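Spelled out, the chains give:
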Amino acid sequence: MEMDMDMDEKPKYGEPKKFDPDFKGPIQNRGCTDIICCILFIVAIVGYLAVGILAWTHGDTRKVIYPTDSMGQFCGQGKLQKQPLLFYFNMMKCASPMVLLEFQCPTPQVCVEACPNRTMTLLTAFAKKTDWEYYKSYCREDPGVKPVPQILQEKLCPAYLISSKPFLQRCFPSLGKKGEVITVGDQETFNDGDKIRDAKDLVAGMKNATIVMEGRQVAMKIFEDYTKSWYWILICLLIAVVLSLIFIVLLRYLAGIMVWVMIIMVIAVVAYGIGHCSVKYVSLKDTPGANITLQQLGFQPDFSVYLHIRQTWLAFIIILAILEFIIIILLIFLRNRIRIAVELMKEASRAVGFVMSSLFYPIFTFLLLTIVITYWAVTAVFLSTSSEPVYKVFNETVCEHSRETCIPENFSLSDMKKDCPRSECLFAFYGGETPYHKYLIFLQFYNVFLFFWCANFVTALGQMTLAGAFASYYWARSKPNDMPAFPLFASLGRSLRYHTGSLAFGSLILAIVQIIRVLLEYIDHKLKGAENKFAKFLMCCLKCCFWCLEKFIKFMNRNAYIMVAIYGKNFCRSACDAFFLLMRNVIRVVVLDKVTDFILFLGKLLIVGLVGIFAFFFFSGHTDAFKGARPSLHYYWVPILTVLVGSYLIAHGFFSVYAMCVDTLFLCFLEDLERNDGSPARPYLMSEKLLNVLKKKNQAN
C-alpha cells in the first residue's frame, strides 16, 4: 500500500528525464519562442533609435565642452572664436569651483581672449588711457564716455581685475604664499573698488580649488605616463593573450596536470607576494619616518609615498596571508571532488578542441557590447545637452524676484528691474519648459533601461550560442561525425532565428532588477545626510536583497539559455526544467560546478599574477634587467594597474568560453545520468574516465 502511495506521489522537483532513442543533442525542428517578448524588444529598439534621433536633433555637445557667458554664448565658438576663456566679474560671489563649473555663479561672466595678468581697480584704470584700453577688454560692452559710478551701476565692467591664470577654460586668481600669508599677484592685499581686502578673502570664492588643482596635476601626470608606456602596456597585454591561449591549449592535452599546476603556482605566487612584502616590511624597520600610520599620512597625490611606510606592507602581508589561507582550506576540503572537476575540465578541453572557433567568440561579444555602450553614452550626452539656456534674476541684496526666470533682451525695461534696480538677468543653467524638456528625465531613464536590456541581450546571445555548440558536441555519439559542420554558426543562427524572444525575456527580467538597483543607489545617495537609522538600515537591506536577486537571476538565466539551446522550449519552461534538474542534483551542483568555477578562477589569477609580477619588475625598476628599456614615469603603478586589469579582462574573456562549456557539459552530464543507465541500449555518453571517477561503466553488448 505504501509503495503504491509512493509511486502515485509526484516528485518534488519534477520527473527525471526519460530515455529517448531519437534524441541526439540540440533539436533541429523547433519553433519560435516567446514571440510577444520578441515583438516588445523590437518595438523597444525602434523607440530607442527614435530617442537617439530626437537627442541628436536637439542636443548640442558644446554645452559640456565650452564655458558659457552671461548671455548664453559659447566661449571660443562663432563670433567669440578668439575669446576662449571665461572671466568672472567678482570671484568672491562664487561659493566654490563647482558653482563655476555648473554656470550658476551669481556674477556677470564674459568671454575673454586671455586672463588678466595685472591687478587694478576700475577707478585707477579709468584715470590712465593705456590701462583703460586694457581694462575695457574685460567689459561686457564698451562703456564709452560713461562715468565710473554709472559703469558700476549698470555692471558693464568689473570693479577690479586680479592677476589670474586659466584653468578648465576659466580664469582663476593666481593665489600664492609668502610664508604663511596668502598673496595675489605678489601682494598681500588688493583693492576691489570699494576698499582694501586681504588676498585670503578670495579663498572663499575658490573653495576646494587646491584639491581640484592637485587632482588635475595628478591626471596630467597619469596621462603623460600613459603616453610614455602605452606600447609596453600593449606588450604586457599581448603576453596575457599568449599565456591564456597556451593554458587553453595545454588544458586540452594536460588538463589534469595543468589543474594541479595552476593550484600549486597560485599558492606559490601568493606565497612569493607574502615573502616579498615581509622583506620590505623588515627592511623599513630602522628607516626614518617609515613607522607613521596611514591615517597620519593621509591622502597623497604621489602614491609611491605609501610604499615607504611599513604599515602599507603590513596590510599587503595580512591580505595575502588571508587569501593564501582561504585557498588552502578550500583545497583541503574539496580535494576529493577535484578529480571529478578535472575530468569535467578535460571534457571541456576536448569540446573546445572540436569547436575551436568558440575561443574567438568573445571578440564578437566585445564588439557588440562596445556598440551598445557607445550608443548609450552618446545618446546620454546629447540628451543632457538638449535643453535651452535659462536666465535667472541675480541680485547682490534681498530681492523679491531673485532666482525668477527672466528674458535678457527686455530685462532693462521690465518691472523686475524697476523693483530691484541692482539686479541682473544672467544665464543660470540649461533647461526648458517645452513638453520635450519636461519629459527629458524620462528619456534619460529610458536610455539607461534600454542600455541594460541590450547589454544583457548581447551577453545572453553569447551564452546561448556557446551552449548550443557545446551541447551538440556532448550528445554526438560519434564525434565529430554526428556534429554540425560549423556548430558555433549553426547555434548562433538557431538562437537568432527562433529564440530572440527568449533572449529578450531573460534580459528584460535582469534589466528590471538592475534598474531597481540603480534607483536604490540614487535614493541612497540622496539620503546620505539623513540621520534616520531605520531608513539607512532598510535601504541597506533592500540593496543587499536586490544584489542577491540579481546574482540568482543571472545564474538561472544562464542555465535557462542552455536548456533553450538544447530543447528549443520557451524561456519559462526552460528555466523550470533547468531549476528542477539542478535541484535533483543539488549536491553535485554545489560541489562539482563550483569547484570547476574555482579552478577557472585560479587560472585567471595565475595569468594575472604572472603578468603582474613581470609588469612590476619592469615598470618599478626593482631589477637591472630592464634598466635601459624602462620608461621614466611619474607613477609606475599606473601601467601596472592597467596591465593587471587588462590581463584579468583578457583571461576572463578566454576562460568565459571554458566556463560556459563546463556549465553546458555539466547540465548535459546530469541529464546523461538520468536518461541513460549504461546498458547496451542506453549507454552513457560521458567519457570513460569520468565514468570511472563516478564508479559507473557502460555494459558491453
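Below is a short write-up of the structure. (Residues numbered from 1 in each chain as written. Predicted model: local features only at pLDDT ≥ 70, side-chain atom pairs only at ≥ 80, totals over all residues. Heavy atoms only, no water.)

Let's shift gears to the pattern of salt bridges. Two side chains of opposite charge can pair, provided their charged atoms sit close to one another. Here the structure, examined in full by the defined rule, presents 12 salt bridges. A salt bridge links Asp524 to Lys543, with the nearest nitrogen and oxygen atoms 3.1 Å apart. Pair noted here: Asp524 is in helix α17 (residues 500-526) and Lys543 is in helix α18 (residues 533-567), with a separation of 19 residues, a long-range link. Owing to a relative accessible area of 24%, Lys543 belongs among the partly exposed residues under this scheme. Lys554 is the salt-bridge partner of Glu550, the closest N and O atoms lying 3.5 Å from each other. Here Glu550 and its partner Lys554 are both found in helix α18, 4 residues apart, which amounts to about one turn of the helix. (Salt bridge = Lys/Arg side-chain N within 4 Å of Asp/Glu carboxyl O. Helix = DSSP H or I, 4+ residues; strand = E, 2+ residues; numbered from the N terminus. Buried < 20%, exposed > 50% of the residue type's maximum accessible area, 1.4 Å probe, protein only.)

Counted by the stated rule, this structure contains 3 disulfides. There is a disulfide in this structure between Cys139 and Cys157, and the S-S distance comes to 1.9 Å. With the S-S dihedral at roughly 110°, the linkage between Cys139 and Cys157 falls on the right-handed side. Pair noted here: Cys139 is in the loop between α6 (129-135) and α7 (148-153) and Cys157 is in the loop between α7 and β4 (160-161), with a separation of 18 residues, a long-range link. Considered together, Cys139 and Cys157 belong to a single accessibility category, that of buried residues. (Disulfide = S-S within 2.5 Å.)

Along its 24 residues, helix α2 (residues 35-58) runs 35 Å from first to last C-alpha, staying within 8% of the 34 Å computed at 1.5 Å per residue. Of the residues making up α2, those classed as buried are Cys37, Phe41, Ala44, Tyr48, Val51, Gly52 and Ala55. (Expected span 1.5 Å × (residues − 1).)

Relative to each other, helix α15 (residues 440-474) and α18 sit at 50°, their axes nearing to 8 Å. Taken together, the axes of α15 and α18 are oblique relative to one another. At the point where α15 passes α18, the crossing takes the right-handed sense. Of α18, the residues touching α15 (which contributes Ala460, Gln463, Met464, Ala467, Gly468 and Ala471) are Arg558, Tyr561, Ile562, Val564, Ala565 and Ile566. Of the residues contributing to the contact of α15 with α18, the split by class is 9 nonpolar, 2 polar and 1 charged. (Axes fitted to C-alpha atoms, helices over the stretch in contact; angles between N-to-C directions. Parallel < 35°, antiparallel > 145°, perpendicular 65-115°, else oblique. Left-handed = near helix turned anticlockwise from the far one by under 90°. Contact = heavy atoms within 4.5 Å. Nonpolar A, V, L, I, M, F, W, Y, C, P; charged D, E, K, R; others polar.)

A few words now on a nonpolar patch on the surface. Together, Leu238, Val242, Ile246, Val249, Leu250, Tyr253, Leu254 and Ile257 make up an exposed nonpolar region whose accessible area comes to about 720 Å². Checked against the element boundaries, Val249 lands in helix α8 (residues 209-283). Judged by its relative accessible area of 44%, Val249 falls in the partly exposed class. (Patch = residues over 30% accessible without salt bridge, like charges linked within 9 Å, V, L, I, M, F, W, Y side chains within 5 Å. Areas by Shrake-Rupley, 256 points an atom, 1.4 Å probe, with all protein chains shown as cover.)

Before going further, it helps to examine the nonpolar core. Within the largest apolar cluster, 122 residues are counted, with the highest numbers of intra-cluster contacts made by Trp453, Tyr474 and Phe619. If sequence neighbours within four positions are ignored, Trp453 has contacts with Leu40, Phe41, Ala44, Ala504, Ser507, Leu508 and Ala511. Of all hydrophobic cores here, the second largest spans 20 residues; its members include Tyr135, Tyr138, Leu156 and Leu161. (Core = buried A, V, L, I, M, F, W, Y, C linked by side-chain atoms within 4.5 Å.)

Attention now goes to helix α16 (residues 487-498). The end-to-end C-alpha separation of α16 is 16 Å, in line with the 16 Å expected for 12 residues at 1.5 Å each. Turning to α16, its buried residues are Pro487, Leu488, Ser491, Leu492, Arg494, Ser495 and Tyr498. On its buried side, α16 packs onto α12 (361-384), α15 and α17.

Tallying each qualifying case throughout the model produces 4 cavities of 30 Å³ or more. As for the largest cavity, its lining consists of Phe87, Tyr88, Phe89, Met91, Tyr160, Leu161, Ile162, Ser164, Cys171 and Pro173. Among the secondary structure elements, those contributing two or more residues to the lining of the largest cavity are β1 (85-88), β4 and β6 (170-173). Its residues placed into classes, the lining of the largest cavity shows 9 nonpolar, 1 polar and no charged. (1 Å grid on protein atoms, 1.4 Å probe; cavity = no way out; pocket = protein on both sides within 12 Å on 5 of 7 lines; lining within 4 Å. Points joined across faces, edges and corners; volume = space filled by probe spheres on them.)

Summed over the entire model, instances satisfying the criterion amount to 22 aromatic pairs. Each ring, one from Phe451 and one from Phe452, has its centre 5.6 Å from the other, and the planes form 50°; the classification is tilted. Across this residue pair, the class does not change: Phe451 and Phe452 are buried. The interplanar angle of 75° and the centroid separation of 5.6 Å between the aromatic rings of Phe616 and Phe617 together place this pair among those described as edge-to-face. In this structure, Arg118 packs its charged tip against the face of Tyr134, placed 4.0 Å from the ring centre. (Phe/Tyr/Trp six-rings, centres within 6.5 Å; stacked < 30°, edge-to-face > 60°. Lys NZ or Arg CZ within 6 Å of the ring centre and 35° of its normal.)

Before going further, it helps to spend a moment on the side chain of Thr500. Within the fold, Thr500 resides in helix α17. Beyond its immediate stretch of four places on either side in the chain, Thr500 contacts Cys38, Phe457 and Ser495.

Attention now moves to the pairing of strand β5 (residues 164-167). Pairing of β5 with β6 involves 4 bridges; the strand directions are antiparallel. Paired with Phe167 across the bridge in β6 is Arg170. From the end of β5 to the start of β6, which pair antiparallel, there are 2 residues, and Leu168 there has a positive phi angle of about 55°. (Pairing = 2+ DSSP bridges.)

Let us now look at unusual backbone geometry. In this structure, Asp34 is a non-glycine residue whose phi angle is positive, near 50°. Structurally, Asp34 is set in the loop between α1 (2-8) and α2.

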